[in-house]
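Coordinate analysis (summary)
For reference, the chains in residue letters:
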Amino acid sequence: MILAQPGEMELNHLDPETFSCSICLDLLKDPVTTTCGHSFCMICIKTHWDAEDQKRIHSCPQCRNTFIQRPVLNKNTILAALVDQLQTTGLQAAPADHRYAGPEDVACDVCTGRKLKAIKSCLVCPASYCEKHLQPHYDVAPLKKHKLVEPSKNLQENICSRHDEVMKMFCRTDQKCICYLCSVDEHKGHDTVSAAAERTERQRELEERRGNIQQMIQDQEKDVKLLQQEVEAINRCADKTVEDSEKIFTELIRLLQKRSSEVKQQIRTQQETEVSRVKDVQEKLEQEITELKRKDAELEQLSHTEDHNQFLLNYPSLPALSESTHSSSINIRPLRHFEDVTAAVSELREKLQDVLRDSWTNISLMVTKVDVLLSEPEPKSRAGFLRYSCEITLDPNTANTKLVLSEGNRKVTWMVNYHSYSSHPDRFIVYYQVLSRESLTGRCYWEVEWSGSNVFVAVAYKNISRAGSWNQCTFGYNDKSWALDCSNSTFGYNNIWTSVSGPVSSRVGVYLDHRAGILSFYSVSETMTLLHRVQTRFTQPLLAGVLVGGSAEFCKPK
């Protein structure tokens, strides 16, 4: 039997935590001891104090004792020798106690010394508590009414910076969380409710939006499957028609060889065109589905936020739900895409030269009639346009500082004095412009009532410049925006301006068919008069916008 060396048995019975650094939780390395008697690794305590240098006061991480001057540290040789002996006998550092808060955890605000993890945060106190210090919230009657949530590091955001009070109110006028003193001070007379009441209302809206998104996902997934079936049908029918046509034209030998080649080329061209169109719509639908699922995930995550203020702070940044671009316009024709071509070719074989001369136009017509996706025509009356009406609200984060929004952010007015907006990267710096919150795809219609001078009604891509020269930022002067100059009755795109077909009334109607690439401006009075129509290809969703030297209001659909 091997006997233990003198003192070895005693060392083996020591608690490893006694010789562990409370910062790194490992055995002490180059141990140093502060004047308050606590020991740490040399590198750990230096790193800790380096972070406190800016405060000009240093503290012990364990007992929080403070030192006006940063202490000079010397290695504790006795403790170092003892740690070396412990390592020689195989003693390891104490396993990390997961009850204590690490760098990524929320620590208990009541614990002194080494803090335990918080298991709940109180929105009323506001503070975070470990299991022990949370107990009064379960036992003491007044504390039982406090709102407890999962541990949060953002509790300070619930405190009013002006009054140092918990923000339990919400100002609907200014769309921000406030405390009770704010509601009787600078927000006096505003439309204010409790944060809980506003959360309930927004939660209801959120659930409705999620329901709409989920229904759109289901509808579009059905459309994607339908489009895939159409691709297969087009290919199958086209292949069969080519085969039949080649057999018929082969019988006509040299006389019909030229026509056979031309029909084949037409069919293939139309096949490629139609398949390309269907696949393009299919790809865009799949992209919309992916985006809708991402939005749904964001909404779901926000819906589980227990902190009312965090919910309300994040809610305005939610992307608006736009109408599907493609599903409503999908109209699948019967699966007989090229059979009429085969019939026409068979007739041609029977009638030989006379039929060839008389039926050639008919053959070409039958080929080009293959059109899987039928686009609806532009409406002819205001009632027809109003079927596609959408409510436009303006984004305050994009408004130039001389513009003031009102009427629920539907009206914008130019002011002589600057408005105190917060700094935001989306804000137009030089020109008096503002964009909508809503991204526009699919079929949309809206109307703008304007007055004053120098008013543009426009649409633009979101990535239009917010600062820089006039041809980078101003609506109609670049390739990222299209604008009707109401004051001068002209239309501009990419700095090319043309006169419109008639005078512009005080109400302008805008119709957008994003998929078809149609953008039309109408003068709306007792009748609708077309001012200008654009036929192009839009590569991104659009935002509605206005440039104002007077005022402009996006009218509610009626």
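Residues numbered from 1 in each chain as written. Predicted model: local features only at pLDDT ≥ 70, side-chain atom pairs only at ≥ 80, totals over all residues. Heavy atoms only, no water.

1. Here's the deal with the overall build of the chain
Looking only at helices and strands, the chain has 13 helices and 23 strands in total. Evaluated residue by residue, the chain yields a buried proportion of 43% over its 558 residues. If you take every contact in the chain between residues at least 6 apart in sequence, the share linking residues at least 24 apart comes to 61%. Working note: accessible area of the chain is about 30300 Å², and carbon and sulfur atoms make up 50% of it. (Helix = DSSP H or I, 4+ residues; strand = E, 2+ residues; numbered from the N terminus. Buried < 20%, exposed > 50% of the residue type's maximum accessible area, 1.4 Å probe, protein only. Contact = heavy atoms within 4.5 Å. Areas by Shrake-Rupley, 256 points an atom, 1.4 Å probe, with all protein chains shown as cover.)

2. Describing the nonpolar core
Nonpolar side chains in soluble globular proteins tend to be buried together. With 41 residues, the main nonpolar core has Leu206, Ile267, Phe311, Leu312, Phe338 and Val341 as its most contacted residues. The set of elements that each furnish at least two residues to this core consists of strand S8 (169–171), strand S9 (176–178), helix H8 (195–251), helix H9 (253–303), helix H10 (308–314) and helix H11 (339–368). When residues in this core are grouped by element, the largest group, 14 residues, is from H8. Not counting chain neighbours up to four residues away, the residues in contact with leucine 206 comprise Leu299, Leu302, Ser303, Phe311 and Tyr315. Counting 37 residues, the second-largest nonpolar core is a separate cluster that includes Ala399, Val500, Ala544 and Val548. (Core = buried A, V, L, I, M, F, W, Y, C linked by side-chain atoms within 4.5 Å.)

3. Considering helix H3 (residues 77–88)
If you check H3, its first and last C-alpha atoms are 16 Å apart, about what twelve residues at 1.5 Å a residue would give, namely 16 Å. Of the positions making up H3, those classed as buried are Leu79, Ala80, Val83 and Leu86. For H3, the buried positions fall inside an angular range of 120° around the axis, keeping them on one side. Opposite the buried face of H3, at more than 90 degrees from it, the exposed residues are Thr77, Ile78 and Thr88. (Expected span 1.5 Å × (residues − 1). Arc of directions from axis to C-beta.)

4. Observations concerning the sheet that holds strand S5 (residues 120–122)
The strand order across the open sheet built from three strands is S6-S5-S7, with neighbouring strands paired in antiparallel fashion. Whereas interior strands pair on both sides, the edge strands pair on one side only; in this sheet they are strand S6 (127–129) and strand S7 (148–149). Sheet topology note: the S5/S6 ladder contains three bridges and is antiparallel. Within S6, the position partnered with serine 121 by the bridge is serine 128. (Pairing = 2+ DSSP bridges.)

5. Some points on the environment of cysteine 555
On the secondary structure map, cysteine 555 appears in the segment after strand S23 (551–554). For the pair cysteine 555 and glutamate 449, spaced 106 residues apart in sequence, the C-alpha separation works out to 6.8 Å. Leave out the neighbours within four places in its chain, and cysteine 555 touches Glu447, Val448, Glu449 and Arg507.

6. Points about a nonpolar patch on the surface
On the surface, a nonpolar cluster with roughly 300 Å² of combined accessible area is contributed by Tyr180, Leu181 and Val184. Take leucine 181: it is sitting in helix H7 (residues 180–183). You can call leucine 181 partly exposed: its relative accessible area is 38%. (Patch = residues over 30% accessible without salt bridge, like charges linked within 9 Å, V, L, I, M, F, W, Y side chains within 5 Å. Salt bridge = Lys/Arg side-chain N within 4 Å of Asp/Glu carboxyl O.)

7. Remarks on the confidence of the model for the chain
Model confidence for the chain is summarised by a mean pLDDT of 84, while 85% of its residues fall at 70 or above. A low-confidence stretch, residues 1–12 (pLDDT under 50), is modelled with six contacts involving residues beyond four sequence positions or located in other chains. (pLDDT = per-residue confidence, 0-100.)

8. Looking at the pattern of salt bridges
Following the criterion strictly, the structure yields 26 salt bridges and no others. With its nearest N and O atoms 2.9 Å apart, the salt bridge here joins arginine 202 to glutamate 198. Here glutamate 198 and arginine 202 lie together in helix H8, a separation of four residues that amounts to about one turn. A single burial state applies to arginine 202 and to glutamate 198, both of which are buried. Between glutamate 291 and arginine 294 there is a salt bridge, with the nearest N and O atoms lying 2.3 Å from each other. Here the residue glutamate 291 and the residue arginine 294 both occupy positions in helix H9, the gap between them amounting to three residues, near one helical turn. By relative accessible area, which is 36% here, arginine 294 ends up partly exposed.

9. Examining the packing of aromatic side chains
Within a pair of aromatic rings, the relevant descriptors are the distance that separates the centres and the angle that separates the planes. Applying the stated criterion across every chain yields a total of 15 aromatic pairs. Seen in terms of ring centroids, tryptophan 49 and phenylalanine 67 are 5.9 Å apart; in terms of plane orientation they differ by 70°. Their pairing is edge-to-face. Taken together, the positions of tryptophan 49 in helix H2 (residues 42–52) and phenylalanine 67 in strand S4 (residues 66–67) put the pair 18 residues apart, joining distant regions of the chain. For the pair tryptophan 49 and phenylalanine 67, one class covers both residues: buried. Linked through ring pairs, Phe385, Tyr388, Tyr445, Tyr511 and Tyr522 together constitute an aromatic cluster. When the ring centre of phenylalanine 311 is taken as origin, the NZ or CZ atom of arginine 199, which lies over that ring, is 4.0 Å away. Between the NZ or CZ atom of arginine 466 and the centre of the ring of phenylalanine 428, over which it lies, the distance is 5.0 Å. (Phe/Tyr/Trp six-rings, centres within 6.5 Å; stacked < 30°, edge-to-face > 60°. Lys NZ or Arg CZ within 6 Å of the ring centre and 35° of its normal.)

10. Some thoughts on the sheet that holds strand S14 (residues 443–451)
A sheet is described by the order of its strands in space; here seven strands give the open sequence S11-S12-S23-S14-S19-S20-S21, paired in antiparallel fashion. Edge strands, defined here as strands with exactly one partner in the open sheet, are strand S11 (403–406) and strand S21 (528–535). Averaged over all pairs of adjacent strands, the angle between strand axes in this sheet comes to 20°, irrespective of strand direction. Relative to strand S20 (residues 518–524), strand S19 (residues 507–513) runs antiparallel, the two sharing six bridges. The residue of S20 that forms the bridge with leucine 512 is leucine 519. (Axes fitted to C-alpha atoms, helices over the stretch in contact; angles between N-to-C directions.)

11. Section: the pairing of S14
Along S14, seven of the nine residues are buried, which leaves the element largely enclosed by surrounding structure. Taken together, the seven bridges between S14 and S19 define a ladder with antiparallel strand orientation. Bridging across to S19, tyrosine 445 finds its partner in tyrosine 511.

12. What to know about the side chain of histidine 187
Position of histidine 187 among the secondary structure elements: in the loop between H7 and strand S10 (192–194). Note on histidine 187: relative accessible area 4%, which makes it buried. Look past the residues within four positions of histidine 187 in its chain and what remains in contact with it is Cys171, Asp174, Lys176, Ile178, Cys182 and Thr192.

13. Some details on the environment of lysine 153
Secondary-structure assignment places lysine 153 in the loop between S7 and S8. A residue is classified by how much of its surface remains accessible, and lysine 153, at 52% relative accessible area, is exposed. In sequence terms lysine 153 and alanine 127 are 26 residues apart; their C-alpha atoms lie 9.4 Å from each other. Apart from the residues within four sequence positions on either side, lysine 153 is in contact with Pro103, Glu104, Asp105 and Val106. Only 3.4 Å separates the side chain of lysine 153 from the backbone oxygen of proline 103, close enough to count as a polar contact. One polar contact links the side chain of lysine 153 to the main-chain carbonyl oxygen of glutamate 104, over a distance of 3.4 Å. (Polar contact = N/O pair within 3.5 Å; in protein donor to acceptor, adjacent residues only side chain to side chain.)

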